[in-house]
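Examination of the molecular architecture
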Amino acid sequence: MSSETPASQADRAIRAQVLIVDDETEHAEVMAEALRKPGHVCTIVNGLEPARDELLHGAFDVVVTDLLMPGGTGLDLLKHIEARDSDLPVIIVTADQSVQAAAEAVREHAFDYLTKPVDLKQLRAVVASALG
């Protein structure tokens, strides 16, 4: 018989491996800290190629990526992920608040689209939703 309560089992179940891709180190750290509070494990990289490398060597449950970064875009990363693992949810984060950018992210099958500065409570909620 398990000594865990239903609440502690639910808390344990939402913990995930999160890949954060953002060339703004301070912004990436703030997002990672917000996601670590509920117990997620975060890996931070600063561009498209390091993200692709991490995806080859690590197992992630969700990806949070900036739209604009060195070596390509978050949409390039999304297409790369779609080709390899279409079940991996990708959340696009950007300072671009245009409807066109959001529409393109959704058209490319992003799980969601958040604008900077990111509301950390909303980020945690979107990641939780992506984890199902």
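This text goes with the structure placed above it.
In what follows, the accompanying structure is described. (Residues numbered from 1 in each chain as written. Predicted model: local features only at pLDDT ≥ 70, side-chain atom pairs only at ≥ 80, totals over all residues. Heavy atoms only, no water.)

Below, the discussion takes up the nonpolar core. L19, V21, L55, V63, L77, I81 and I92 are the most contacted members of the largest nonpolar core, which has 22 residues in total. Contributing elements (two or more residues each) for this core: β1 (17-21), α3 (48-57), α4 (74-84), β6 (90-94) and α5 (99-107). Those residues within four positions of V63 in sequence are excluded, and the remaining contacts are L19, V21, L55, L77, I81, L88, P89, V90 and I91. Counting residues in each nonpolar core, the second largest holds 17 residues, with C42, I91, L123 and A130 among its members. (Core = buried A, V, L, I, M, F, W, Y, C linked by side-chain atoms within 4.5 Å. Buried < 20%, exposed > 50% of the residue type's maximum accessible area, 1.4 Å probe, protein only. Helix = DSSP H or I, 4+ residues; strand = E, 2+ residues; numbered from the N terminus. Contact = heavy atoms within 4.5 Å.)

Further remarks concern the side chain of T65. Topologically, T65 is positioned in strand β3 (residues 62-66). Beyond its immediate chain neighbours, meaning those up to four positions away, T65 contacts V21, G74, L77, V90, I91, I92 and V93.

The next thing to look at is the environment of L48. Along the chain, L48 falls in helix α3. For L48, a relative accessible area of 3% translates into the label buried. For the pair L48 and T73, spaced 25 residues apart in sequence, the C-alpha separation works out to 7.0 Å. When neighbours within four sequence positions are excluded, L48 is seen to be in contact with M69, P70, G71, G72, T73, D76 and L77.

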